[in-house]
Amino acid sequence: MRKIVVGSRKSNLALTQSKWVIEELKRVSNGKYEFELKEIVTKGDRILDVTLSKVGGKGLFVKEIEKAMYDKEIDFAVHSMKDMPAVMPEGLIIGSIPVREDSRDAFISKDGRTLDQLPAGAIIGTSSLRRGSQILAARPDLEVKWIRGNIETRMRKLKEENFDAIILAAAGMKRVGWDESIITEYLEPEVCVPAVGQGALAIECREDDLELLELIKKINDDYTEKTVKAERTFLHLLNGGCQVPIGGYATLEGNEITLTALVGSKDGDIILKEKITGNNPEEVGKEAADRLAARGAKQLIEEALKEEEE
Ligand SMILES: NCc1[nH]cc(CCC(=O)O)c1CC(=O)O
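What you see is a predicted model; the values in this text were computed from it and never measured. (Residues numbered from 1 in each chain as written. Predicted model: local features only at pLDDT ≥ 70, side-chain atom pairs only at ≥ 80, totals over all residues. Heavy atoms only, no water.)

## As for the packing of aromatic side chains
Part 1 of the argument: All chains considered together, the criterion is met by 0 aromatic pairs.
Part 2 of the argument: The residue whose ring lies beneath Arg104 is Tyr186, and the NZ or CZ to ring-centre distance is 4.0 Å.
Part 3 of the argument: Stacked on the ring of Phe163, the Lys or Arg Lys145 has its end atom at 5.0 Å from the ring centre. (Phe/Tyr/Trp six-rings, centres within 6.5 Å; stacked < 30°, edge-to-face > 60°. Lys NZ or Arg CZ within 6 Å of the ring centre and 35° of its normal.)

Next up, the structure:
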């Protein structure tokens, strides 16, 4: 019997997601495989006190895990889709995309007041340029302050430090079993376009491990795959990285994909948004990137990159 070794980051969220995938795979494979969970500490987990975009962004959480995969120490890894770089490294692929959790951002305030109800000057904690930009666009009278750490740390900082509210991905909270009643309100995509891939998982493996690919494909979700494809094509073609506020959220009705794509300035003064529909995920993603580029998205990205260098 083949033993499949699953590499996972050590965070509560990563472990929960990896265990969830293992249970799903056990369910569809009738005891045909044995699974082992192996914990890996990544650079992103070690430098938790610096703004993510300053220390190299998304790749930080996946590099060590990918090395372990090349070295065959592990067979696959489960990532949050939104932490995946746009381009996959040679020899590795996203072999399966399971059904997506809630893709919305969750707004959690100290005293239960909603985004609209908070008084001028209230301080919102987020480490996401995308969330910061959209919050300031909706409420220019609020203040955004950087906060980092996993869900548990951020919840503690909301209680103990000078924040009036924080914003977290609803998916993460639900997956690790936080009581939904602590969420003050869900920010709908009309208010805050989620991160590309938010709420979805990516199962990454070696592209030549055909036996494993066949197995993980059994828990692939077609709806999630198509919508995430549209979102990621947009992200990739605009080449936004995480230095600029950027978001993308797609839905699917019948064969028709609707993608809402956004690029903004950090202060929320500029918000460029496009809604594209079509049948082909890649075409929809490309159309969104083209239209936003035509409206000046590339300049926004270049300016954001220049700021980083200063
Ligand atoms: N940026 C870190 C990260 N990566 C994935 C999630 C949550 C789960 C998800 O979006 O799938 C989070 C936490 C957050 O943004 O609040």
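## Details of the domain arrangement of the protein chain
Part 1 of the argument: By the assigned domains, the protein chain splits into domain 1 (2–98 + 200–220), domain 2 (105–187) and domain 3 (236–309).
Part 2 of the argument: For domain 1 versus domain 2, the separation of C-alpha centres amounts to 28 Å. (Domains from an automatic or database assignment.)

## A word on the pattern of salt bridges
Part 1 of the argument: Applying the stated rule across the entire model yields 25 salt bridges.
Part 2 of the argument: Note that Arg2 and Glu211 form a salt bridge whose closest N and O atoms lie 3.3 Å from each other. You can see Arg2 sitting in the segment before strand 1 (3–9) and its partner Glu211 sitting in helix 7 (residues 210–217), a full 209 residues away along the chain.
Part 3 of the argument: A relative accessible area of 24% means that Arg2 is categorised as partly exposed.
Part 4 of the argument: The class of Glu211 is partly exposed, set by a relative accessible area of 38%.
Part 5 of the argument: Note that Glu36 is salt-bridged to Lys3, the shortest N-O span being 2.6 Å. A residue pair is termed long-range when its members are at least 10 positions apart, and Glu36 in strand 2 (residues 34–40) and Lys3 in strand 1 qualify at 33 residues.
Part 6 of the argument: Take Lys3: its relative accessible area is 38%, and that puts it in the partly exposed class.
Part 7 of the argument: Residues joined by salt bridges that share partners form a network here, namely Arg2, Asp75, Arg206, Asp209 and Glu211. (Salt bridge = Lys/Arg side-chain N within 4 Å of Asp/Glu carboxyl O. Helix = DSSP H or I, 4+ residues; strand = E, 2+ residues; numbered from the N terminus. Buried < 20%, exposed > 50% of the residue type's maximum accessible area, 1.4 Å probe, protein only.)

## Overview of the pairing of strand 10 (residues 201–206)
Part 1 of the argument: Of all 6 residues that make up strand 10, 6 are buried, and the element is covered over most of its length.
Part 2 of the argument: Taken together, the 5 bridges between strand 3 (residues 76–80) and strand 10 define a ladder with antiparallel strand orientation. The residue of strand 10 that forms the bridge with Phe76 is Cys205.
Part 3 of the argument: Direction of pairing for strand 4 (residues 92–96) relative to strand 10: antiparallel, over a ladder of 4 bridges. Its bridge partner being in strand 10, Ser96 is matched across the sheet by Ile203. (Pairing = 2+ DSSP bridges.)

## Here we look at the nonpolar core
Part 1 of the argument: Membership of the largest hydrophobic core comes to 23 residues, with the highest contact counts inside it found for Phe234, Leu238, Ile246, Leu259, Val263 and Leu292.
Part 2 of the argument: Elements that contribute at least two residues to this core include exactly helix 8 (222–238), strand 11 (246–253), strand 12 (256–264), strand 13 (271–278), helix 9 (281–294) and helix 10 (297–309).
Part 3 of the argument: Judged by nonpolar contacts, the second largest core, of 17 residues, contains Ile22, Phe35, Val78 and Ile219. (Core = buried A, V, L, I, M, F, W, Y, C linked by side-chain atoms within 4.5 Å.)

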